[in-house]
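Here's the letter readout for the chains.
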Amino acid sequence: MPLMMSEEGFENDESDYQTLPRARVNQRQRGLGWFLFGGWKVLCGSCCDCLAHICRRKKELKARTVWLGCPEKCEEKFPKNTIKNQKYNIVTFVPGVLYQQFKFFLNLYFLVVACSQFVPSLKIGYLYTYWAPLAFVLAVTVVREAVDEVRRFQRDKEMNSQLYSKLTVRGKIQVKSSDIQVGDLIIVEKLYTEHNQNVPLFFSSFFFAGACFIRTDQLDGETDWKLKVAVGCTQRLPAVGDLFSISAYVYAQRPQLDIHSFEGNFTREDADPQIHESLSIENTLWASTVVASGTVIGVVIYTGKETRSVLNTSYAKNKVGLLDLELNRLTKALFLAQVVLSVVMVALQGFVGPWFRNLFRFVVLFSYIIPISLRVNLDMGKSAYGWMIMKDENIPGTVVRTSTIPEELGRLVYLLTDKTGTLTQNEMIFKRLHLGTVSYGTDTMDEIQSHIVQSYAQVTSQSSNGSTSGSTPSRKSQSSGPKVRKSVSSRIHEAVKAIALCHNVTPVYESHTSVNGETETAEADQDFSDDNRTYQASSPDEVALVRWTESVGLTLVNRDLTSLQLKTPSGQILSFYILQIFPFTSESKRMGIIVREESTGDITFYMKGADVAMASIVQYNDWLEEECGNMAREGLRTLVVAKKSLSEEQYQDFENRYNQAKLSIHDRTLKVAAVVESLEREMELLCLTGVEDQLQADVRPTLELLRNAGIKIWMLTGDKLETATCIAKSSHLVSRNQDIHVFRPVSNRGEAHLELNAFRRKHDCALVISGDSLEVCLRYYEHEFVELACQCPAVVCCRCSPTQKAQIVRLLQQHTANRTCAIGDGGNDVSMIQAADCGIGIEGKEGKQASLAADFSITQFKHIGRLLMVHGRNSYKRSAALGQFVMHRGMIISTMQAVFSSIFFFASVPLYQGFLMVGYATIYTMFPVFSLVLDQDVKPEMALLYPETSLFFFSCILTRGILMYGALVLFESEFVHVVAISFTALILTELLMVALTIRTWHWLMVVAEFFSFGCYLASLAFLNEYFDLSFITTWPFLWKVSAITLVSCLPLYIIKYLKRKFSPPSYSKLSS
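Per an unreviewed UniProt entry, the protein chain is named Phospholipid-transporting ATPase, and its organism is Sphaeramia orbicularis. According to the UniProt record, the Cofactor (unreviewed entry) comment for the protein chain reads "Mg(2+)".

Okay, here's the thing in C-alpha cells:
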C-alpha cells in the first residue's frame, strides 16, 4: 500500500539524518587555523558525544517474533516493563543538582568569591560571611530536589506495582506491572466502578475473546470508543486453556511513533496447512488505553520504553523562569560594573605595589553589588507564592508541583489548550431536530414523543387487524403515485427511525463476565431491560443520538455484526438485518448503512453526515444551508440525515459491483468509493440534527478574560476538524464576527505554497489546520507559517499527535521568544505540558497523568483565570520588587565602601566586617524586605475585572552615597564612630524605604518592621567590637543619624511622589 511505502521512506530519512553530521565533518578542511579558530571545540564536542553514545548506546529497534505464552522463546532481550520519571539516580543526584546550580553565573560567581577567601592575601573578612549563605542556598536546593525525587520515585513505584492477571498453564496468577514480559498472556477486565481499569502499562496486545470497544483518550485525546476485533484463529478455540496447546506466534513490526497504524501477521504452525492471518490496527490494544467493556486476553508485544505511548512522550526538562534568566544577565552586567569600579580604584591608586592583588581585593570588597541573599530571598519567595496558591479557597484542589516558576504565570503570551476534557466535558446532548418546515428544541421534545407513540400505535393496530405491511405500504403508495406532501407525524416517524438505525452504536447489558466469553451468550438470551443498558460507540455524538431516540420512544435494544433490534413505545420488537455498513472517514465526512426490515423485507439505504458532504447528495431543497449556518452559530454540531429505498434488484446489482471492487488489487479504495457514490444520488432529505458538546463551567468568560489580558490562545486537539471548529465557535475562542480560514489539506511543497499565499491575503481571521497539513508546512515553510499563524487572533490545530503538540510549543518558543503555557488533562497532553515554559494539568475523567506531569495542577479550566491574573501577576510583581530591594541593599553597601576607600587613600580595607555584614543581610533587614511577598497593588477582584493591568516591568533603583558622605561630614571630629553612625543610618534607611514602598499593609509586615528594628537595638549590647554604647545613647548621635536618614530618603520619594502624581500607573486608577 502507498501508505506503508511512505512510512518506509520516512524511516530511511531518519537513518540518513543520523549520518549527515559525520559526512559534513569529513568534508571540512582541517589544519592549524581550523584547530585554533574553533576546531578544538568541535573535537571536544565530538569526544563528549562519542563517550555519551558509548555510555548510553541506543538499542536499534527491530521487528520481532512473539510466541504465544512463551516469553522464554523470545530471542532478543526486551526492555523491562517499568516507567521512570526520575531525573537522577543515587550516583548522579549530587553532581546533577550542583551542575544545575552552578551553570548560572550568579551562583558560580558566589562560589569563586567564597573560594578566594582561602587565600590569605585575598581574605577580607570571616569565612562564614561568605560560605554560610552559599551553603544555605545549596542546602535548600538539594533538599527541595531530593523531596521532588522521592515523590517521583514513590509515584513510579506505585504505578509499577499495580497488579494484573496473567494467564499461565496452571491458571490465572497475579503479577506486578513491572514483571510483565513480551509473550505473556494478560487478562484485562473492565471494572464496574467510576474509573475504568487501564490496560496494563506499556504493552500492546491482541485479544481473543470476540470484539470489544476501547477508549484511547489517554493516547490521542479522542474519547470516541473504537471497535477492536479478535484474531479469528484463536477466537474459534473452544476453551481458554487451548491457547497453550497450540504452537502459534505473532510477527510484529518494529516499535514506531505512529499510533494509527500497525502491520503484523499471526501464524499457527501446528495446523495442516499452516494458518496465516494478517493483523492491522483493528487487532491491537495500545498501552494507556481503556477497555470499555468485557474481558480481553492479549499477548504482550511491546513493553517499557518501546510502547507507542512512551515513544510519543518527551522527557521532563528542568524549567527555568524568565526572571531567573534576566537576573543572570543582570548579574553579568553588575559584575562588569564591579570590575570596572575596581580597576578605577587601582588606577587612582597609581598601580603601585602588588596592584593585581589589590584589584582582586577590591573585586571582593565590592562583591555585595551582587548579593547572595538575592538567591535566598527569591527562592523563599517562590515557596511562599506556591503556598498561597494552594491555600486559595477560590481555586480549591490546586497543587504546585514545580515551585521554581510561579512568576511565569504572570508573563505568558501564548496559551495552548487541549479540547476534550479541558474546554469541553465531552458529554453530548441532543438539542435540535429540524424537518425543513418545523423545528423542535429541548422544550418541545414531548411533541415528538407523542407523534412517535401515535405512529407506532397505528402500526400495531393495523398488524392486529391482519395487516402485515405496517406503515410501509402507505409510503410505497405515496412514492408510486404523484408526489404527496407527507404529514408532520409521518416525517417525524421517518426521521426518528433513520436516526435510530443509521449509526454504529452497540447496546451493552452489564453482567458478570467470564474469560471464555459466556457474557455474549447471556446477553443474547436475557431480557432487554432499560435498567442496566449502556451504549458503546466510536463517537459520543452517536450515543447522544441513540439516547435521544430512546427518550422519544424508539429504543435500540440489541445489535451484533449482522442485525439490530428496536423496541417501540408499545414494547414491540422490530428486527432489521444489516446488509452493508459504510463507516465514517475524515475524507468522506459521512457514514451509511443498508438494512432490510425483517417483517416486510424492505431494503433501505440510510446516510448521515456533514452538511458540506450531504448537500450534493440529497434532493434539492431551499432550507438546509441556512439552517446549518444557524445551528453552527449556536455552537451545535450538525448532521444531515437522508434515506433511499432500494428494490431487491437494485441492491443485488450494487452488492455484486461492491464485492468486485473490494477484490481489486489496483486502486481498490477508489473503485470501492466509486461504487458507493453510485448509490448516493437523489437521496430523500429527512432531517437536520443539532448536538451540543457541553463546555466546562465558565469556559467562555475565562477565555475572554485571557484574551483581554493579551494572551493568545491556540487549541491543539487530536479530534476531527469539524468537531474542533464547532467547539472553537461555541466556546467563543473564535468570536462571532471573525472569519475562519480552514487550511486545505496539502501533501507537497507546491500545494503548501499556494495555500499559504491564499492564507496571507486573509486579515483578522482564525486559522484551522490539520496535523498532516501542518507537518508539510513546517517541513518546507516553517518560518513563514509560524509568522502568519502568530498574527491570527486564534489558531485551531486538529488531528494533532502528542509529538506534534510538543513540536508546536517549541516552535513558538524559538520563533517568538515569548513564554508559553500548555494546559491539558490527558496522557496525550503530557509532551506538550512538559515542553511548555509553564505546564498546567487538569485532574479530570481522563485520569491524573497530565496532572502529575504538570508544573501546576487544577481541578477546573475556569481556575486558570485566577491562577494567571491574580497569582501569576502578584508573584511576578512581588519577585520584581523583592529582587529590586535586595540589589538596592547591596548597592548601598558597595557605594559606601567605594566612598570610604576613596577618602582613605584607596585602601582595600572593608568598612563593615564580620557579623555586621551577616546581620545586615539577614535579621536586620531580611524580614521587612521579604514581607514584600505579601504586598498587592490592586485587589484580586480588580485584577480579574481589568486584566490589562497584568503587564509589569522590572526596574532597579540606584542609590547615591549620601549615607557615607553625611556620616563623614557630620562626624568629622568623631571619626572613630563612623562605622556605628553610618551603619545605624543604613538600617533605618532600608526599613523606611520598605515601609514607604508598601501599597497594601498586612499585619505581618508591621511585625517584620518592628521585629527587625528591635533585633538591631538588642544586638547593640553584644556588638562592643563595633559600637560604643556610651556614645550611641547621646542626643547628638540620635538627631544627626535621623538627619542623614531623612536626607538620604527624602529626595527619592519626592521624585516618586511627583511621578505617581503626574504619570500614575494603571493599577493606581483602579485602587482609587
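Let us keep going from here.
**Details of the overall build of the protein chain**
Helix and strand counts for the protein chain come out as 38 helices and 31 strands. A total of 1072 residues make up the protein chain; the buried ones form 51% of that total. A fraction of 72% describes how many contacts in the protein chain between residues 6 or more apart in sequence connect residues 24 or more apart. Here the protein chain has roughly 50800 Å² of accessible surface; of this, 58% comes from carbon and sulfur atoms.

**Focus on the environment of His888**
Mapping His888 onto the fold places it in helix 29 (residues 863-903). Sequence-wise, His888 and Ile370 are 518 residues apart; in three dimensions their C-alpha atoms are separated by 9.8 Å.

**What about the pairing of strand 20 (residues 573-582)?**
In this structure, strand 19 (residues 563-567) lies alongside strand 20, joined through five bridges in antiparallel fashion. Its bridge partner lying in strand 20, Leu566 is registered against Leu574. Hairpin connection of strand 19 to strand 20: five residues between the antiparallel strands, including Gly571 at a positive phi of 95°. Here six bridges tie strand 20 to strand 21 (residues 590-597), and the two strands are oriented antiparallel to one another. The partner of Phe576 across the bridge, within strand 21, is Glu597.

**Topic: the sheet that holds strand 2 (residues 163-168)**
With antiparallel pairing, the four strands of this open sheet are ordered in space as 3-2-4-11. Edge positions in the open sheet fall to strand 3 (171-176) and strand 11 (295-299), since each of these has one partner strand only. Each strand of the sheet is rotated relative to its neighbour by a mean of 35°, with strand direction disregarded. Across three bridges, strand 2 lies against strand 4 (residues 185-189) in antiparallel orientation. The residue of strand 4 that forms the bridge with Ser165 is Ile187.

**Thoughts on the sheet that holds strand 7 (residues 248-252)**
Across the sheet, four strands lie side by side as 1-7-8-9; this open sheet has antiparallel pairing. Of all the strands in the sheet, just strand 1 (64-67) and strand 9 (275-279) have a single pairing partner and so form its edges. Strand-to-strand twist of the sheet, defined as the mean angle between neighbouring strand axes without regard to direction, takes the value 20°. Pairing between strand 1 and strand 7: four bridges, direction antiparallel. Counted as the bridge partner of Arg64 is Ala252 from strand 7.

**A few points about the packing of helix 3 (residues 93-102) against helix 5 (residues 128-160)**
Contact geometry for helix 3 and helix 5: axes closest at 11 Å, N-to-C directions at 125°. The pairing of helix 3 with helix 5 is recorded here as oblique in orientation. Note on packing geometry: the crossing formed by helix 3 with helix 5 is right-handed. When helix 3 is examined against helix 5, the residues Phe93, Val97, Leu98, Gln101 and Phe102 are found in contact with a partner set consisting of Leu138, Thr141, Val142, Glu145, Ala146 and Glu149. Counted by class, the contact of helix 3 with helix 5 contains seven nonpolar, two polar and two charged residues.

**Let's talk about the pattern of salt bridges**
Taken as a whole and judged by the stated rule, the model has 24 salt bridges. Among the ionic pairs, Glu648 bridges to Arg596, the shortest N-O distance being 2.9 Å. Of this pair, Glu648 sits in helix 19 (residues 648-662) while Arg596 sits in strand 21, and the two are 52 residues apart along the sequence. Two residues, Asp698 and Lys862, come together in a salt bridge whose shortest N-O distance is 3.8 Å. Here Asp698, found in the loop between strand 24 (684-695) and helix 21 (699-708), pairs with Lys862, found in the loop between strand 31 (856-858) and helix 29; they are 164 residues apart in sequence, far enough to count as distant. Given the relative accessible area of 44%, Asp698 is considered partly exposed.

**Structural notes on helix 24 (residues 771-780)**
Those residues of helix 24 that fall on the buried side of the exposure criterion are Gly771, Ser773, Leu774, Val776, Cys777 and Leu778. Those residues of helix 24 that are buried lie in contact with helix 23 (749-760), strand 27 (765-770), helix 25 (782-790), strand 28 (794-798) and helix 26 (802-816).

**Some thoughts on unusual backbone geometry**
Of note, the phi angle at Asp764 is positive, near 50°, even though the residue is not glycine. Structurally, Asp764 is set in the loop between helix 23 and strand 27. Positioned with a positive phi, Ala817 is a non-glycine residue whose angle comes to about 60°. Relative to the helices and strands, Ala817 is located in the loop between helix 26 and strand 29 (819-824). A relative accessible area of 63% means that Ala817 is categorised as exposed.

**With respect to the nonpolar core**
Grouped together as the largest cluster of nonpolar side chains are 45 residues, with contacts concentrated most on Phe110 and Ile370. For this core, the element with the most residues is helix 29, which contributes seven residues. When sequence neighbours within four positions are dropped, the list of residues in contact with Ile370 reads Leu106, Tyr109, Phe110, Thr331, Leu334, Phe335 and Gln338. Core analysis: the second largest hydrophobic core is formed by 42 residues, Phe430, Tyr440, Leu554 and Leu639 among them.

**Re the environment of Leu812**
For Leu812, the location among the structural elements is in helix 26. Leu812 sits in the buried class, given a relative accessible area of 1%. For the pair formed by Leu812 and Tyr414, sequence separation is 398 residues and the distance between their alpha carbons is 8.2 Å. When residues no more than four places from it in sequence are discounted, the contact partners of Leu812 are Tyr414, Leu416, Trp714, Cys790, Ala817, Asn818 and Thr820.

**Quick notes on the pairing of strand 29**
Counting buried residues in strand 29 gives six out of six residues, a clear majority hidden from the surface. Residues Arg819, Cys821 and Ile823 point to one face of strand 29 and Thr820, Ala822 and Gly824 to the other, with burial holding for every one of them. Where strand 13 (residues 412-417) and strand 29 come together, five bridges link them in parallel fashion. Opposite Thr417, over in strand 29, you have Ile823 as the bridge partner. Sheet analysis places strand 29 next to strand 30 (residues 838-842), joined by four bridges and oriented parallel. Counted as the bridge partner of Ala822 is Gly839 from strand 30.

Basis of the calculations
The written sequence of each chain sets the order in which its residues are numbered from 1. With pLDDT at 70 or above as the cut-off, local features in this predicted model cover only qualifying residues; side-chain atom pairs require 80 or more to be listed or tallied, and sums for whole chains, interfaces and linings still use all residues. Side-chain measures here rest on the full set of heavy atoms in the structure, leaving out hydrogens and waters. UniProt positions are given in the numbering used here, feature names are shortened, and annotations may be inferred rather than shown by experiment. Where helices and strands are cited, they refer to DSSP runs of H or I of at least four residues and of E of at least two residues respectively, numbered from the N terminus. Under the scheme applied here, a residue whose accessible area is under 20% of the maximum for its type counts as buried, over 50% as exposed, and between as partly exposed, the area being computed with a 1.4 Å probe on protein chains only. Note on definitions: a residue-residue contact is assigned when non-hydrogen atoms from the two residues lie within 4.5 Å. Using a 1.4 Å probe, the Shrake-Rupley method yields the accessible areas, and only the shown protein chains count as cover for residues. For two strands to be treated as a pair, DSSP must find at least two bridges joining them. Throughout, an axis means a line fitted to C-alpha atoms (over the contacting stretch in the case of helices), and angles, computed between N-to-C directions, take values from 0 to 180 degrees. Under this scheme an angle from 65 to 115 degrees is roughly perpendicular, one under 35 degrees roughly parallel, and one over 145 degrees roughly antiparallel; angles in between are oblique. Two helices that cross are described as forming a left-handed crossing if the nearer one is turned anticlockwise from the farther one by less than a right angle, and a right-handed crossing if clockwise. Residue polarity is assigned by list, with Asp, Glu, Lys and Arg as charged and Ala, Val, Leu, Ile, Met, Phe, Trp, Tyr, Cys and Pro as nonpolar; anything else, Gly included, falls into the polar class. Think of a salt bridge as a Lys or Arg side-chain nitrogen and an Asp or Glu carboxyl oxygen that are within 4 Å of each other. For this analysis, a nonpolar core means a set of buried residues of the types Ala, Val, Leu, Ile, Met, Phe, Trp, Tyr and Cys, connected via side-chain atoms within 4.5 Å.

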